[in-house]
Amino acid sequence: MDVIEAIRTRKSIRGYKTDPVPKEILKEILDVAARAPSSMNTQPWEVAIITGEVLDNIKRSNIEMLMSGAMPNPDMPGEAYEGVYRQRQVDVAVQLFQLMGIAREDKERKAEWMQRGFRFFDAPAAIILSVDRSLNESRSLFDIGTISQTICLTALNYGLGTCIEGQGVMYPEVVRKYAGIPESKRILICIAIGYPDWDFPANKVESKREPVESIATWCGFD
Ligand SMILES: Cc1cc2nc3c(=O)[nH]c(=O)nc-3n(C[C@H](O)[C@H](O)[C@H](O)COP(=O)(O)O)c2cc1C
């Protein structure tokens, strides 16, 4: 697949077929994606690939935590967005809820939707990305970003869809327990991965982007 086509067609997939993803394919994806650049070639990423019973245990335990009202305590905390950032967040959420037929005031279905994220959108596999706590936080975060997008783009070559997501690792103690990730590693993000179910309404989402004119400042051009 052409690189431009891959970048333009990649989108977050939030509904998957149940078909398992063969280990060999996941291995090939990681082999390619590990070509991602990193600060001074430090390659800080540590990757746990989860499926089967381990994934089921994490999903179940995540939902138990969520339902119990336990406060999420992610190793990479999020933030409450404001202004234009909040607006963009709302825009995509409104689109997702419309596609899923979830009304604004329907708390029950909104809660169900949130649970999907904590269940890795029912993907048959998930990739957990961690870095050693001894590393500089911002550099290693950047490096995890480069490999994350590279994994998502490479996956397209195998007909696979992905969703980078914070929700799956909101309770890092759960992931640590079942995936055997030690406390010395900061669990930063996960990627749900599997064959897209194109009939799943949320997969029709078309997230918007700002035009180049509003993000770019041209310097030294005529
Ligand atoms: C760091 C990061 C965390 C994300 N966490 C979530 C998440 O927890 N749940 C979710 O549904 N999507 C999550 N996303 C996906 C974004 O919502 C998505 O990338 C954005 O809306 C743009 O849509 P697109 O990926 O379809 O182009 C995350 C993406 C990134 C890069």
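Above this text you will find the structure in question.
Residues numbered from 1 in each chain as written. Predicted model: local features only at pLDDT ≥ 70, side-chain atom pairs only at ≥ 80, totals over all residues. Heavy atoms only, no water.

As for unusual backbone geometry
Put simply, the rule is: A run of H or I in DSSP counts as a helix once it spans at least four residues, and a run of E counts as a strand once it spans at least two, with each numbered from the N terminus. Burial here depends on accessible area, computed with a 1.4 Å probe over protein chains only, as a share of the maximum for the residue type. Under 20% is buried, over 50% is exposed, and the range in between is partly exposed.
Phi is positive for Asn41, which is not a glycine, with a value near 55°. Structurally, Asn41 is set in the loop between helix H2 (23-33) and strand E1 (46-51). When its relative accessible area of 53% is taken as the criterion, Asn41 is described as exposed. Here the phi dihedral of Phe120 falls at roughly 60°; this positive angle occurs in a residue that is not glycine. Mapped onto the elements of the fold, Phe120 is located in the loop between helix H5 (107-118) and strand E2 (125-132). Given a relative accessible area of 0%, Phe120 falls into the buried group.

Some words on the site of the ligand
Selection rule: Nearness of a residue to a molecule or strand requires only that one of the residue's heavy atoms be within 4 Å of it. N or O atoms closer than or at 3.5 Å make up a polar contact, with two conditions inside protein: a donor-capable atom paired with an acceptor-capable one, and, for residues adjacent in sequence, both atoms drawn from side chains. Accessible surface area values rest on a Shrake-Rupley calculation with a 1.4 Å probe, where residue burial reflects the displayed protein chains alone.
The local shell around the ligand holds 14 residues, among which Arg10, Ser12, Arg14, Gln167 and Arg209 are the closest. With respect to the ligand, the side chain of Ser12 contributes an N or O atom lying 2.6 Å from an oxygen atom. Ser207 places a side-chain nitrogen or oxygen 3.0 Å from an oxygen atom of the ligand. Here the ligand loses 67% of its free accessible area of 620 Å² to cover by the protein chains.

A few points about a nonpolar patch on the surface
Put simply, the test is: Within the patch definition used here, like charges are joined within 9 Å and nonpolar side chains (Val, Leu, Ile, Met, Phe, Trp, Tyr) within 5 Å, considering only residues with over 30% relative accessible area and no salt bridge. Put simply, a salt bridge is a Lys or Arg side-chain nitrogen that is within 4 Å of an Asp or Glu carboxyl oxygen.
Together, Val212, Ile215, Trp218 and Phe221 line one region of the surface with nonpolar side chains, adding up to about 520 Å² of accessible area. Mapped onto the elements, Ile215 comes out in helix H8 (residues 212-215). Residue class for Ile215 comes out exposed when judged on its relative accessible area of 64%.

Some thoughts on the pairing of strand E3 (residues 161-165)
Remember that side chains alternate between the two faces of the sheet whenever the strand is regular. Here is the rule we go by: Two strands qualify as a pair provided DSSP detects at least 2 bridges between them.
Counted residue by residue, E3 has four buried out of five residues, so it is predominantly covered. Examined bridge by bridge, E3 and strand E4 (residues 185-194) share five bridges and lie antiparallel to one another. Across the sheet, residue Gly161 finds its bridge partner in E4, namely Gly194.

Observations concerning helix H3 (residues 52-68)
The test is simple: The length a helix should cover is 1.5 Å for every residue beyond the first. The criterion used for residue contact is that any of the two residues' heavy atoms lie within 4.5 Å.
Counted at 1.5 Å a residue, the expected span for H3 with its 17 residues is 24 Å, and the 24 Å between its end C-alpha atoms agrees. Buried residues of H3: Leu55, Asn57, Ile58, Lys59, Ser61, Asn62, Ile63 and Leu66, and no others. In this structure, the buried side of H3 is in contact with E1, H5, E2 and helix H7 (172-179). Trailing H3 by a residue or two, Gly69 shows a phi angle of about 85°, which is positive.

Digging into the pairing of E2
Burial of E2 is extensive: seven of the eight residues sit out of reach of the surface. Inspection of the sheet shows E1 paired to E2 by six bridges, in the antiparallel sense. Residue pairing for E2: Thr51 is matched across the bridge by Ala125. Bridge count between E2 and E4: eight bridges; the pairing is antiparallel.

Remarks on the environment of Glu5
The topology assignment puts Glu5 in helix H1 (residues 3-9). Note on Glu5: relative accessible area 41%, which makes it partly exposed. Sequence separation between Glu5 and Leu153 is 148 residues; the distance between their C-alpha atoms is 9.8 Å.

Overview of the pattern of salt bridges
The full count for this structure, using the stated rule, is 10 salt bridges. Of the charged contacts, one joins Arg133 and Glu183 as a salt bridge, the two residues approaching to 3.4 Å between their closest N and O atoms. Note that Arg133 is positioned in the loop between E2 and helix H6 (137-156) and Glu183 in the loop between H7 and E4, a separation of 50 residues in sequence. The exposure class of Arg133 is partly exposed, given its relative accessible area of 32%. Residue classification places Glu183 among the exposed positions, given a relative accessible area of 53%. Each member of the salt-bridge network shares a partner with another, and the members are Asp75, Arg133, Arg176 and Glu183.

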